[in-house]
Amino acid sequence: MGNRLSKIYTRTGDDGSTGLGDGTRVAKDSARVTAYGTVDETNCAIGLVLACEIPDDIRQVLVSVQHQLFDLGGELCIPGHAAIKDADIERLESQLDGFNADLPALKDFILPGGGLAAAHCHLARTICRRAERETVTLSHHDAVRPQAIRYLNRLSDLLFVLARVLARASGHGETIWNHERRKG
């Protein structure tokens, strides 16, 4: 990291623009800023999960994910920069498979909830899905490496599985969506 921030406000964004990592100025509502901003929001939502009492193995995975999301934000903030690697995606897949192995197969949709940690994890999942959609939108206008989109896709799947694990670990369990409730 180059310069450290000694002053938090600079007033350079008062006109509705912001600086990318390569120094170019863009509108704060550009597709690029929206995408990396939502990656940052995903990271914050994971921070909420980490603020809860959760098993150590899940904590380790999520702290690692937070670092990778920071890397991904950098990749999206600096056009042409590459930070997420295929190995990062493969690691997510391996973790996903490991946590999912002990869960019963899903036969129905589940509702978000299952205790505070699980509910926060579901929220992080939906924010991650939005980050994925916004990164896809960016890819229609600018070059985006496929690893960025794949990483977000796998991460949202992992967060779903972790929410299921956390709901069961908390004793709250999962609430199955009752699609039959309107019949009768």
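Quick caveat: nothing in here was measured; it's all calculated off a predicted structure. (Residues numbered from 1 in each chain as written. Predicted model: local features only at pLDDT ≥ 70, side-chain atom pairs only at ≥ 80, totals over all residues. Heavy atoms only, no water.)

(A) Region of interest: the pattern of salt bridges. Following the criterion strictly, the structure yields 10 salt bridges and no others. Notably, a salt bridge pairs R154 with E93, separated by 2.8 Å at the nearest N-O pair. Pair noted here: R154 is in helix α5 (residues 146–170) and E93 is in helix α3 (residues 86–100), with a separation of 61 residues, a long-range link. You can call R154 partly exposed: its relative accessible area is 21%. Residue E93 is classed as partly exposed on the basis of its relative accessible area, which comes to 28%. With its nearest N and O atoms 2.8 Å apart, the salt bridge here joins R129 to D157. Here the residue R129 occupies a position in helix α4 (residues 116–139), and D157 occupies one in helix α5, the gap between them amounting to 28 residues. On the basis of relative accessibility, which here comes to 27%, the residue D157 falls in the partly exposed class. (Salt bridge = Lys/Arg side-chain N within 4 Å of Asp/Glu carboxyl O. Helix = DSSP H or I, 4+ residues; strand = E, 2+ residues; numbered from the N terminus. Buried < 20%, exposed > 50% of the residue type's maximum accessible area, 1.4 Å probe, protein only.)

(B) Seen up close, helix α1 (residues 31–50). If you check α1, its first and last C-alpha atoms are 29 Å apart, about what 20 residues at 1.5 Å a residue would give, namely 28 Å. R32, V33, A35, Y36, T38, V39, T42, N43, A45, I46, V49 and L50 are the residues of α1 that are buried. Where α1 is buried, its residues meet β1 (17–19), β2 (25–27), α2 (56–77), α4 and α5. (Expected span 1.5 Å × (residues − 1). Contact = heavy atoms within 4.5 Å.)

(C) Structural context of the packing of aromatic side chains. A full pass over the atoms with the stated rule returns 1 aromatic pair. Consider the rings of F109 and W177, whose centres lie 5.9 Å apart with planes at 65 degrees: the pair is edge-to-face. With F109 in the loop between α3 and β3 (110–111) and W177 in the segment after β4 (175–176), this pair connects stretches of sequence that are 68 residues apart. Taking the relative accessible area as the measure of exposure, F109 reaches 62% and is therefore exposed. (Phe/Tyr/Trp six-rings, centres within 6.5 Å; stacked < 30°, edge-to-face > 60°.)

(D) Quick peek at the packing of α1 against α2. Their axes nearest at 9 Å, the elements α1 and α2 cross at an angle of 165 degrees. In terms of their interaxial angle, α1 and α2 are classed as roughly antiparallel. Relative to α2, the crossing made by α1 is left-handed. Along the contact surface, α1 presents R32, A35, Y36, V39, T42, N43, I46, G47, V49 and L50, while α2 presents R59, L62, V63, V65, Q66, L69, F70, L72, G73, L76 and C77. (Axes fitted to C-alpha atoms, helices over the stretch in contact; angles between N-to-C directions. Parallel < 35°, antiparallel > 145°, perpendicular 65-115°, else oblique. Left-handed = near helix turned anticlockwise from the far one by under 90°.)

(E) Structural view of the packing of α3 against α5. Running from N to C, α3 and α5 cross one another at 20 degrees; their axes reach a closest spacing of 9 Å. In terms of orientation, α3 and α5 fall into the roughly parallel class. Taken as a pair, α3 and α5 cross one another with a handedness that is left-handed. Contact with α3, carried on its side by D86, D88, I89, L92, E93, Q95, L96, F99 and N100, involves Q147, R150, Y151, R154, L155, D157, L158, V161, L162, R164 and V165 of α5 and no other residues of that element. Split by residue class, the contact of α3 with α5 holds 10 nonpolar, 3 polar and 7 charged. (Nonpolar A, V, L, I, M, F, W, Y, C, P; charged D, E, K, R; others polar.)

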